[in-house]
Amino acid sequence: MTAKNILQILDQYQKSRSTFAQTVNELASRFQNAEYLVKGNIIELLSPLLSDPVPSIQNNSVMALGRLASHNSDIAFTLAQQGIIPKIIHCLDKKSNYYKKSAMFCLKNIAKHNAELAEIVTNVGGLLAMIYCLESFDSGIKEVAACALANIASHNADLARIVEKAGVVPLLVLCLQEPEICLKQSACLALCEITKHSIDLAQSVVDAHATQALVKLTMLNNVKIKAQVYKTLSHISKHSAELSEAVVRTEMLPRTLLDMGHPDQTVKRNATTLIRDIAKHNVQFAQLIVSSGGIAVLTEILSDKDVRTILPAIVTLGYIAGHSDKFSLALIASGLVPILSNLLNEDIEDHVLAAIVWALGHLGRHSSEHSRHLAEANVFTRLVELMVSEKSSEDLKSKCKATLKFTIQKCTDVSALEPLLHTAPTEIVKYALGQFSKILPTDSRARRQFAASGSLKKIQELQPEPGTSLMEYIITINGCYPEEIIRYYTPNYPDLLLEQLDNYMPQIPNIITPRKKTLDELAEISVSSLVKSDCNC
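A quick note: this is a predicted structure, and the numbers were derived from the prediction, not measured.

**Structural notes on the overall build of the chain**
(1) Moving on: Within the chain, the regular secondary structure consists of 36 helices and 0 strands.
(2) Moving on: Taken along its principal axes, the extent of the C-alpha atoms in the chain is 195 × 50 × 40 Å.
(3) Moving on: Here the chain holds 537 residues, and 46% of them are scored as buried.
(4) Moving on: The long-range share in the chain, meaning contacts at least 24 apart out of those at least 6 apart in sequence, stands at 70%.

**Let's talk about the packing of helix H25 (residues 350-364) against helix H26 (residues 368-376)**
(1) Moving on: The interhelical angle for the contact between H25 and H26, taken along N-to-C directions, is 135°, at an axis separation of 7 Å. Considered as vectors, H25 and H26 are oriented oblique to each other. Where H25 approaches H26, its residues Leu-360, Leu-363 and Gly-364 are matched on the opposing element by His-370, Ser-371 and Leu-374.
(2) Moving on: Across the contact of H25 with H26, the residue classes tally to 3 nonpolar, 3 polar and no charged.

**Some remarks on the environment of Leu-171**
(1) Moving on: Among the structural elements, Leu-171 can be located in helix H12 (residues 168-176).
(2) Moving on: Residue classification places Leu-171 among the buried residues on the basis of a relative accessible area of 18%.
(3) Moving on: Along the primary structure Leu-171 and Glu-135 are separated by 36 residues, whereas in three dimensions their C-alpha atoms are 7.4 Å apart.
(4) Moving on: With near-sequence residues (within four places) excluded, Leu-171 lies in contact with Ile-131, Leu-134 and Glu-135.

**Some details on the packing of aromatic side chains**
Within a pair of aromatic rings, the relevant descriptors are the distance that separates the centres and the angle that separates the planes.
(1) Moving on: What the rule picks out here adds up to 2 aromatic pairs.
(2) Moving on: When the ring of Tyr-319 is compared with that of Trp-358, the centres are 5.2 Å apart and the planes differ by 80°; the resulting orientation is edge-to-face. One end of the pair, Tyr-319, is in helix H22 (residues 307-323); the other, Trp-358, is in helix H25, and 39 residues separate them in sequence.
(3) Moving on: Take Trp-358: its relative accessible area is 24%, and that puts it in the partly exposed class.
(4) Moving on: Summarising the aromatic geometry, the rings of Phe-436 and Phe-450 are spaced 4.7 Å apart at their centres and angled 55° between planes, so their arrangement reads as tilted.

**Here's the deal with the environment of Ala-111**
(1) Moving on: With respect to the secondary-structure elements, Ala-111 resides in helix H7 (residues 97-111).
(2) Moving on: Between the C-alpha atom of Ala-111 and that of Pro-338, which follows or precedes it by 227 residues, the distance is 49 Å.
(3) Moving on: In contact with Ala-111, not counting residues within four places along its chain, are Ala-118, Val-121, Asn-151, Ile-152 and His-155.

**Here's the deal with unusual backbone geometry**
Note: most peptide bonds trans; most residues except glycine with negative phi.
(1) Moving on: In this structure, Glu-251 is a non-glycine residue whose phi angle is positive, near 60°.
(2) Moving on: Within the element layout of this structure, Glu-251 appears in the loop between helix H17 (241-248) and helix H18 (253-259).
(3) Moving on: Accessibility expressed as a relative area gives 68% for Glu-251, which makes it exposed.
(4) Moving on: You will see that Asn-378, though not glycine, has its phi angle at about 60°, which is positive.
(5) Moving on: Mapping Asn-378 onto the fold places it in the loop between H26 and helix H27 (379-388).

**Here's the deal with the pattern of salt bridges**
(1) Moving on: Summed over the entire model, instances satisfying the criterion amount to 17 salt bridges.
(2) Moving on: Taken together, the shared-partner salt bridges in this structure form one network comprising Asp-158, Arg-161 and Asp-200.

**Some details on the nonpolar core**
(1) Moving on: Counting residues in each nonpolar core, the largest one holds 169 residues, and the members touching the most others are Ile-314, Leu-340, Ile-356 and Leu-363.
(2) Moving on: Setting aside anything within four residues of it in sequence, one finds Ile-356 in contact with Ile-314, Leu-340, Leu-343, Leu-344 and Ile-348.

**Quick word on helix H2 (residues 31-39)**
In an α-helix, one turn spans 3.6 residues, which is why side chains three or four residues apart end up on the same side.
(1) Moving on: For H2, the full list of buried residues reads Asn-33, Ala-34 and Leu-37. In an axial view of H2, the angular spread of the buried residues amounts to 115°, which keeps them on one side of the axis. Within H2, the exposed residues directed more than 90 degrees away from the buried face are Gln-32, Tyr-36 and Lys-39.
(2) Moving on: Contact partners of the buried residues in H2: helix H1 (3-28), helix H3 (42-46), helix H4 (55-71) and helix H5 (73-81).
(3) Moving on: Positive phi shows up at Asn-41, right after H2, with a value of about 60°.

**Describing a nonpolar patch on the surface**
(1) Moving on: Taken together, Ile-6, Leu-7 and Leu-10 make up a surface patch of nonpolar side chains, about 300 Å² in accessible area.
(2) Moving on: Within the fold, Leu-10 resides in helix H1.

**Side note on the environment of Ser-398**
(1) Moving on: Position of Ser-398 relative to the elements: it lies in helix H28 (residues 394-408).
(2) Moving on: Exposure remark for Ser-398: the relative accessible area of 45% places this residue in the partly exposed category.

**With respect to the side chain of Thr-195**
(1) Moving on: Structurally, Thr-195 is set in helix H13 (residues 181-195).
(2) Moving on: Relative accessible area serves as the criterion here: at 0%, Thr-195 is assigned to the buried category.
(3) Moving on: If we ignore the near neighbours within four places in the chain, the residues touching Thr-195 are Ala-202, Val-205, Thr-232, His-235, Ile-236 and His-239.

**Re the side chain of Thr-122**
(1) Moving on: By the element assignment, Thr-122 lies in helix H8 (residues 115-123).
(2) Moving on: Overall, Thr-122 belongs to the buried group, its relative accessible area being 13%.
(3) Moving on: Those residues in contact with Thr-122 that sit more than four places away from it in its chain are Leu-127, Ile-152, Leu-159 and Ile-162.

Parameters and conventions
- Residues numbered from 1 in each chain as written.
- Predicted model: local features only at pLDDT ≥ 70, side-chain atom pairs only at ≥ 80, totals over all residues.
- Heavy atoms only, no water.
- Helix = DSSP H or I, 4+ residues; strand = E, 2+ residues; numbered from the N terminus.
- Buried < 20%, exposed > 50% of the residue type's maximum accessible area, 1.4 Å probe, protein only.
- Contact = heavy atoms within 4.5 Å.
- Axes fitted to C-alpha atoms, helices over the stretch in contact; angles between N-to-C directions.
- Parallel < 35°, antiparallel > 145°, perpendicular 65-115°, else oblique.
- Nonpolar A, V, L, I, M, F, W, Y, C, P; charged D, E, K, R; others polar.
- Phe/Tyr/Trp six-rings, centres within 6.5 Å; stacked < 30°, edge-to-face > 60°.
- Salt bridge = Lys/Arg side-chain N within 4 Å of Asp/Glu carboxyl O.
- Core = buried A, V, L, I, M, F, W, Y, C linked by side-chain atoms within 4.5 Å.
- Arc of directions from axis to C-beta.
- Patch = residues over 30% accessible without salt bridge, like charges linked within 9 Å, V, L, I, M, F, W, Y side chains within 5 Å.
- Areas by Shrake-Rupley, 256 points an atom, 1.4 Å probe, with all protein chains shown as cover.

This is the structure we're talking about:
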């Protein structure tokens, strides 16, 4: 056999390997092919090709394994068990940029499924390989490496802490300053996954001056970047007031309020969530939001059709109202109570209804003036309906009860409290009677209305336990009326009167009134008297 024939055979073998790797790579991209490929021992067949002398074959083999790993965790776990990961990252520094990108793609898809696989990737040197690629001059390699790091950090605080301690955060901050949009987005995603777990991880990101770099990205006209930046800043702010202050110091508030009206729902939702996570900490942040025109922006969002967008706006308004009675009055003056009351009647999920009820509770809990606005919007009646409904979740019922308790205890509007005596359960009636026990002793008009409306009769039908607060309230209210009126409204009082009638013995007087005489009899008596008088003469 001549040298030419030998070279031809070798060339044919190389072409076959190349065709095989490329074909498998294309087949692996489809989910429906993954099961058949794995059953056909494709992992064992591709494993030797990872060290093939031809770079394109190596690259296609790694890409094929990465695509297979992306479909489900079982395939990814098989790759980890068969020692594929060390082979992929072996001599990574000597590989081409295409291979490095494919290797990061494969590690990213293995680590994304669960914490166990992410830990395996980390322990066999995958984390060091990602950091090495993150220092590359090629933006495409850094982008995929940042995504792989994000997948590892996303699972739990321990893995995120391992990533942070490896010195990744400063490198990610540098990536934020690169011109490539996709790299910025990937780096922002990785920082987001690190910061969400704990306050110390968020603090490490702030210490690396990431907040300034992140806020600058909000100026870009890119929807994905904006949405990811606001989500990352939200994760930083939610942990503590100090971290929120670090975010606020970057002067991001005006831009964030502006983007709360962005046409993209994700940007609008994430920007609103950031404001929510800042507002919850203290009254100073709430004051800053109110002074910047946040009330009008948040109220406008409530007209949105996307429930996921209006939910953080509702919670933000609740936080602001809870911090101060003045803020609550400002929200009431903006027309918030009727808006929330209308939303209570919408067919929306229970967790959203629970948030609305919670916000209404913060609006009405400060004083009688605040509570009066809730009563005028007929909020109490709707809360009772949701509380007693079998369809309501336990969380919704609990929040309805708490809101009714706090707002009723501030309410002095008799006309708003009276319907509760007839429709609300006893545990809510107790709070209404507590208010009546304070109002009736000093208000004669309210006493008359209370009796005329049937409320006085209603409380006589209650059977409280002796010594309870409910019993004390009823005794106090009954003490505001004459005993005859209390007896009159006592249950079965008419039956008692009829029973007394049945047992009553008629009393006939002994002296009968004389019969009146007629005119003839009176005339006869007069004549007789005259006759006797003449005779005597």
